[in-house]
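Observations on chain architecture
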Amino acid sequence: MRIADAEVIVCSPGRNFVTLRLTTDDGISGLGDATLNGRELAVASYLNDHVLPLLDGRDPFLIEDIWHFLYKGAYWRRGPVTMAAIGAVDVALWDIKGKALDTPVYNLLGGQAREGVLVYGHANGLDIDATLQAAARYVDMGYRAVRLQTGIPGLPAVYGVGRGDLFYEPTSQDMPDEESWSTEAYLHHVPKLFAQARDALGYNVPLLHDAHHRLTPIEAARLGQRLEPYDLFWLEDAVPAELQEGFRIIRSHTTTPLAVGEVFNSIHDCQQLITEQLIDFIRATVAHAGGLTHLVRIAHLAELHHVRTGCHGPVDLSPVNLAASLHFGLAVHNFGIQEYMRHTEDTDRVFPHAYAFDDGYLHPGDRPGLGVDVDTELAAAFPYRRAYLPVNRKLDGTVHSW
Ligand code: CS2
Ligand code: MG
């Protein structure tokens, strides 16, 4: 069997997605998600102009060899574009292997380690009442864990509070929206959200929160301490994690569980965080962290250090990534939780899939491979449109993490 054809499909059913399809000489095709929100065409070009010519005629079963050929062979290592491209090739090869061996990918990753993949949904609202009403709706829909994000008094728009109920799509066409930020207002308001959430929902519903890279370590320590009475499942992305040892400060002040890593693209981004047990959950995801091959490496390192997985799963990664994440989440021993933002109906039509939500869990299904496809004819009806993520500024105008 040889790789005989490769195609990058860029489409926008509600938002932009980049999908790689590899096809073998005996007609087996595999898919990989190469979407990098706000920089999609960089990955499409990296694949089309530099990677795909290298794949023609290769044995698709040699997943490990191809991974290292693309990683070491590029000379310039790591980075979100490179690793999203390598990740898409990697996942497409696992998809092909599962189909060729007539088995779901999770069976190639060690087999089913649990009945289903526990997921959490995104409840948000302009104020605390609206957020708690959204949380109650998620619980009524059968979610067993819910993330809470709420508007901050005095700030016109903040991360995580979006349009509509099930979807949150922050990108804007043409130029980035600019949002304003006050750490002081945020630190005073979020504890009120969780105090009222526990009054309304009780303590049996795991509650999560995303600080979205906007605090310093000592600010994160203060927030973690203030949230301890409300027993969060995790406080996510409290601090930008380029300085991994910065998490020592947070860890030394609070027992609130910490999650980080959705922007990570290799094990080197989190090795110190994991080996020093500075975090409780690693958020690295299949599409952005070099595919299943590399994410399994990260999970195995995490397992040695009491760190569990918590893969990123936003609406800006396609059903191809979600399907791969579910095969990973079903098989990996130190699974924690899987983020699940529902895609739009158009997206689900472009990417028909076997995974299904039931009683708070997702299961990838038992089709050979990943159990997801792409309808290229339908995809063509949704052409790419450049879109940007917002830019955040402090009240004095200083650019801040969004
Ligand atoms: C967020 C993401 O889901 C999350 O935890 O951090 O929605 C993130 O803002 C987007 O993926 C950025 O494209
Ligand atoms: Mg996040």
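In this report, we go over the structure that sits alongside the text. Treat the numbers as computed from the prediction; the structure is a model and nothing was measured.

1. With respect to the coordination of the magnesium ion (ligand 2)
Protein coordination of the magnesium ion (ligand 2) is provided by Asp210 (OD), Glu236 (OE) and Glu262 (OE), with donor distances spanning 2.0 to 2.1 Å. Counting along the primary sequence, the residues that act as donors to the magnesium ion (ligand 2) give the motif D-x25-E-x25-E. Remark: Glu236 occurs in strand 9 (residues 234–236) and Asp210 occurs in strand 8 (residues 207–210); sequence separation between them is 26 residues. Residue Asp210 is classed as buried on the basis of its relative accessible area of 1%.

2. Here we look at the pattern of salt bridges
Between side chains of opposite charge, a pair can form when the charged atoms approach closely. Inspection of the entire model under this criterion finds 13 salt bridges. The salt bridge involving Asp269 is made with Arg78; its shortest N-O contact spans 3.1 Å. With Asp269 in the loop between strand 10 (258–260) and helix 9 (271–275) and Arg78 in the loop between helix 2 (63–73) and helix 3 (80–100), this residue pair connects regions lying 191 residues apart in the sequence. Taking relative accessible area as the criterion, Asp269 reaches 17% and is therefore assigned buried. Between Glu236 and Arg283 there is a salt bridge whose closest N-O contact spans 2.9 Å. Note that Glu236 is positioned in strand 9 and Arg283 in the loop between strand 11 (281–282) and helix 10 (291–304), a separation of 47 residues in sequence.

3. Some remarks on the layout of surface pockets
Roughly 1,100 Å³ of volume is contained in the largest pocket. Residue lining of the largest pocket: 43 residues in total, with His213, Glu262, Val263, Leu389 and Trp402 positioned closest to the centre. Residues that form the lining of the largest pocket fall into these classes: 19 nonpolar, 12 polar and 12 charged. The two domains that each donate at least three residues to the lining of the largest pocket are domain 1 (3–104) and domain 2 (108–368). Its volume calculated, the second largest pocket comes out at about 240 Å³. Surrounding the second largest pocket, 15 residues form its lining, Ala157, Val158, Val161, Gly162 and Glu179 being those nearest its centre. Residues of the lining of the second largest pocket, tallied by class, amount to nine nonpolar, two polar and four charged.

4. Details of the site of ligand 1
Residues in contact with ligand 1 amount to 15 residues; listed here are only the nearest, Asn37, His212, Glu262, Arg283 and Glu339. Tyr159 places a polar side-chain atom, nitrogen or oxygen, 3.4 Å from an oxygen atom of ligand 1. The side chain of His312 places a nitrogen or oxygen atom 3.2 Å from an oxygen atom of ligand 1. In isolation ligand 1 offers 340 Å² of accessible surface; the protein chains occlude 94% of this area. Here the residues of the shell around ligand 1 are counted per class, giving four nonpolar, four polar and seven charged.

5. Some details on the sheet that holds strand 1 (residues 3–11)
If you walk across this open sheet you meet the three strands as 1-2-3, and the pairing is antiparallel. With one partner strand each, in any of the chains shown, strand 1 and strand 3 (29–33) form the two edges of the open sheet. Averaged over all pairs of adjacent strands, the angle between their axes in this sheet comes to 20°, without regard to strand direction. Relative to strand 3, strand 2 (residues 17–24) is paired through five bridges, and the arrangement is antiparallel. Residue Leu20 lies in a different strand from strand 3, and its bridge partner there is Gly32. The sheet strands contacting helix 3 are strand 1, strand 2 and strand 3, and the helix crosses strand 3 at an angle near 150°.

6. Considerations on the sheet that holds strand 17 (residues 391–394)
The sheet built from three strands is open, its strands ordered 7-17-18 with mixed pairing. At either margin of the open sheet sits one strand with a lone partner, and together these are strand 7 (178–181) and strand 18 (399–400). Strand direction decides the pairing type here: strand 17 and strand 18, joined by two bridges, are antiparallel. Considered in strand 18, the bridge of Asn392 is made with His400.

7. Some thoughts on empty space enclosed by the protein
Enumeration according to the criterion identifies four cavities of 30 Å³ or more in this entry. In this structure, the largest cavity spans a volume of roughly 60 Å³. Surrounding the largest cavity, Gln149, Thr150, Ile152, Val158, Tyr159, Val161, Tyr186, Val190, His209 and Arg214 form its lining. Taken together, the elements giving at least two residues each to the lining of the largest cavity come down to strand 5 (146–150) and helix 6 (183–201). Of the residues that constitute the lining of the largest cavity, the class distribution is six nonpolar, three polar and one charged. In this structure, the second largest cavity encloses a volume near 40 Å³.

Parameters and conventions
Residues numbered from 1 in each chain as written. Chains lettered and ligands numbered in written order. Predicted model: local features only at pLDDT ≥ 70, side-chain atom pairs only at ≥ 80, totals over all residues. Heavy atoms only, no water. Donors = N, O, S within 2.8 Å, 3.2 Å for Na, K, Ca; no water. Helix = DSSP H or I, 4+ residues; strand = E, 2+ residues; numbered from the N terminus. Buried < 20%, exposed > 50% of the residue type's maximum accessible area, 1.4 Å probe, protein only. Salt bridge = Lys/Arg side-chain N within 4 Å of Asp/Glu carboxyl O. 1 Å grid on protein atoms, 1.4 Å probe; cavity = no way out; pocket = protein on both sides within 12 Å on 5 of 7 lines; lining within 4 Å. Points joined across faces, edges and corners; volume = space filled by probe spheres on them. Nonpolar A, V, L, I, M, F, W, Y, C, P; charged D, E, K, R; others polar. Domains from an automatic or database assignment. Near = heavy atom within 4 Å. Polar contact = N/O pair within 3.5 Å; in protein donor to acceptor, adjacent residues only side chain to side chain. Areas by Shrake-Rupley, 256 points an atom, 1.4 Å probe, with all protein chains shown as cover. Pairing = 2+ DSSP bridges. Axes fitted to C-alpha atoms, helices over the stretch in contact; angles between N-to-C directions. Contact = heavy atoms within 4.5 Å.

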